[in-house]
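Here is what each chain is made of, one letter per residue.
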Amino acid sequence: MNLLRASGIRRTYGSLQVLKGIDLEVEQGEVVAIVGPSGAGKSTFLHILGTLDRPEQGSVFIEDVNVFTQKDKDLARFRNEKIGFIFQFHNLLAEFTALENACMPGYINGSMNEKDILERGKELLEMLGLKDRANHLPSQLSGGEQQRVAVARALLNKPSIVLADEPSGNLDSHNALELHQLFFKLRDEFGQTFVIVTHNEDLAAMADRRLVMQDGFMQP
Ligand code: ADP
Ligand code: MG
């Protein structure tokens, strides 16, 4: 069984056909990299995989759930529990500490109690080398540290899949490499599955698969 299966995904903006029928299957524990020129539709596709946007045609199954057939409320819950997101700009909330930011997704569905959320958040920060940064505000952290807090936040609810859109696009090469190594560590130790849009060819080369999106199609 594939963890994720997208079939025949089409998306247009006005008269612009961005995605022209894209299929993707991802197995548990795979790290899949998607590269391609700017404007190719990579972010659009990732947003659809993450249920943040809907295709005009096509379907997405995650763990055998046909995601877009769910009611909006169920879909929001599914998204928060099953999908972790990492973006190029960490989008941490400036007035909250690293720990509070990391814990944020735990409070959304209300299925975890406060103590467990904090425990999970602390455990993740420690694993990501941020134990002594837990009470710092984002502005008191380096770029690499901020992005690792974003990784902790993405992992808080133990998602089935992590979707990352140019996660190292704003980091220097040293911090980028550290972040990439972290992804593979999470895959090796926990079987975490990743789909990563990137311009970083070192990361793409390390991935299990490197796919190219171009002209609205996915080229192997
Ligand atoms: P990539 O991530 O590969 O750079 P995007 O998925 O962001 O590409 O964008 C693909 C194309 O769709 C681009 O031409 C972009 O301008 C267009 N596009 C993206 N989002 C929107 C939107 N909300 N409304 C209109 N056009 C959009
Ligand atoms: Mg993009």
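As annotated in an unreviewed UniProt entry, the protein carries the name ABC transporter ATP-binding protein and comes from Dyadobacter chenhuakuii. A UniProt comment under Sequence similarities (unreviewed entry) is attached to the protein, and it reads "Belongs to the ABC transporter superfamily. Macrolide exporter (TC 3.A.1.122) family."

On to the overall build of the protein, then. Across its full length, the protein holds 7 helices and 10 strands. Relative to the 2.2 N^0.38 estimate, which gives 17 Å for 220 residues, the radius of gyration of the protein is 17 Å and therefore close to what a compact globule would have. Structurally, the protein occupies a C-alpha span of about 50 × 40 × 35 Å along its principal axes. Taking all 220 residues of the protein together, the buried fraction comes to 51%. Relative to all contacts within the protein whose residues are 6 or more apart in sequence, the contacts with residues 24 or more apart total 70%. As displayed, the protein has an accessible area near 10,500 Å², and 48% of this comes from carbon and sulfur atoms.

On to the confidence of the model for the protein. For any part of a model where pLDDT is low, the fine detail of the predicted coordinates should not be relied upon. Scored by pLDDT, the protein comes out at a mean of 96, with 100% of its residues at no less than 70. Confidence metrics for the complex model read pTM 0.96 and ipTM 0.97.

Right, let's get into the nonpolar core. Ranked by size, the top nonpolar core spans 38 residues in total, and within it Ile86, Leu125, Val151, Phe183, Phe194 and Ile196 carry the most contacts. Of all elements in the fold, only strand E3 (31-35), helix H3 (98-108), helix H4 (114-127), helix H5 (143-155), strand E7 (161-165), helix H6 (173-190), strand E8 (193-197) and helix H7 (201-206) reach the threshold of two or more residues within this core. Setting aside residues no more than four positions away along its own chain, Ile86 makes contact with Gln147, Ala150, Val151, Ala154, Val162, Leu163, Ala164, Asp165, Pro167 and Phe183. If you look at the next biggest cluster of nonpolar residues, it comprises 31 residues, including Ala6, Ile9, Leu46 and Val197.

What follows deals with the sheet that holds strand E5 (residues 65-66). Taken together, the 4 strands give an open sheet; going across it, the order is E2-E1-E4-E5, and neighbouring strands pair in antiparallel fashion. The sheet terminates laterally at strand E2 (16-26) and E5, the two strands that pair on one side only. Where strand E1 (residues 4-13) lies against strand E4 (residues 57-62), 5 bridges are found, and the strand directions are antiparallel. Counterpart to Ser7 in the pairing with E4 is Ser59.

Attention now goes to the UniProt feature "domain: ABC transporter" (unreviewed entry) in the protein. With numbering aligned to this structure, UniProt lists the feature "domain: ABC transporter" (unreviewed entry) at residues 4-218. The straight-line gap between the two end C-alpha atoms of residues 4-218 is 16 Å; of that span, 38% is helix and 26% is strand.

Around ligand 1, a shell composed of Tyr13, Leu16, Val18, Pro37, Ser38, Gly39, Ala40, Gly41, Lys42, Ser43 and Thr44 is seen. One of the side-chain nitrogen or oxygen atoms of Ser43 is found 2.9 Å away from an oxygen atom of ligand 1. Considered on its own, ligand 1 offers 560 Å² of accessible surface; in the complex 56% of this is hidden by protein. Taken together, the elements giving at least two residues each to the shell around ligand 1 come down to E2 and helix H1 (42-49). Take the shell around ligand 1: its biggest share by element is 3 residues, from H1. Residue composition of the shell around ligand 1, grouped by class: 5 nonpolar, 5 polar and 1 charged.

We now examine the pairing of E1. Bridge count for E1 against E2 is 8 bridges, and the pairing is antiparallel. Across the sheet, Arg5 pairs through a bridge with Glu25, a residue of E2. In this antiparallel pair of consecutive strands, E1 and E2, the connection spans 2 residues, and Gly14 shows a positive phi of 60°.

For H1, a buried count of 6 out of 8 residues is recorded, marking the element as mostly surrounded by other parts of the structure. When we look at burial in H1, the residues that qualify are Lys42, Thr44, Phe45, Leu46, Ile48 and Leu49.

The next thing to look at is the packing of aromatic side chains. Scanning the model with the defined rule gives 2 aromatic pairs in all. Their ring planes at 5° and their centres at 5.9 Å tell us that Phe85 and Phe87 sit as a pair that is stacked. By relative accessible area, which is 17% here, Phe85 ends up buried. Ring plane angle 45° and centroid distance 5.0 Å describe the contact between Phe183 and Phe194, whose orientation is recorded as tilted. One end of the pair, Phe183, is in helix H6; the other, Phe194, is in strand E8, with 11 residues separating them in the sequence.

Cut-offs and rules
- Residues numbered from 1 in each chain as written.
- Chains lettered and ligands numbered in written order.
- Predicted model: local features only at pLDDT ≥ 70, side-chain atom pairs only at ≥ 80, totals over all residues.
- Heavy atoms only, no water.
- UniProt positions renumbered as here; feature names shortened; annotations may be inferred.
- Helix = DSSP H or I, 4+ residues; strand = E, 2+ residues; numbered from the N terminus.
- Rg over C-alpha atoms; globule rule 2.2 N^0.38 Å.
- Buried < 20%, exposed > 50% of the residue type's maximum accessible area, 1.4 Å probe, protein only.
- Contact = heavy atoms within 4.5 Å.
- Areas by Shrake-Rupley, 256 points an atom, 1.4 Å probe, with all protein chains shown as cover.
- pLDDT = per-residue confidence, 0-100.
- Core = buried A, V, L, I, M, F, W, Y, C linked by side-chain atoms within 4.5 Å.
- Pairing = 2+ DSSP bridges.
- Near = heavy atom within 4 Å.
- Polar contact = N/O pair within 3.5 Å; in protein donor to acceptor, adjacent residues only side chain to side chain.
- Nonpolar A, V, L, I, M, F, W, Y, C, P; charged D, E, K, R; others polar.
- Phe/Tyr/Trp six-rings, centres within 6.5 Å; stacked < 30°, edge-to-face > 60°.

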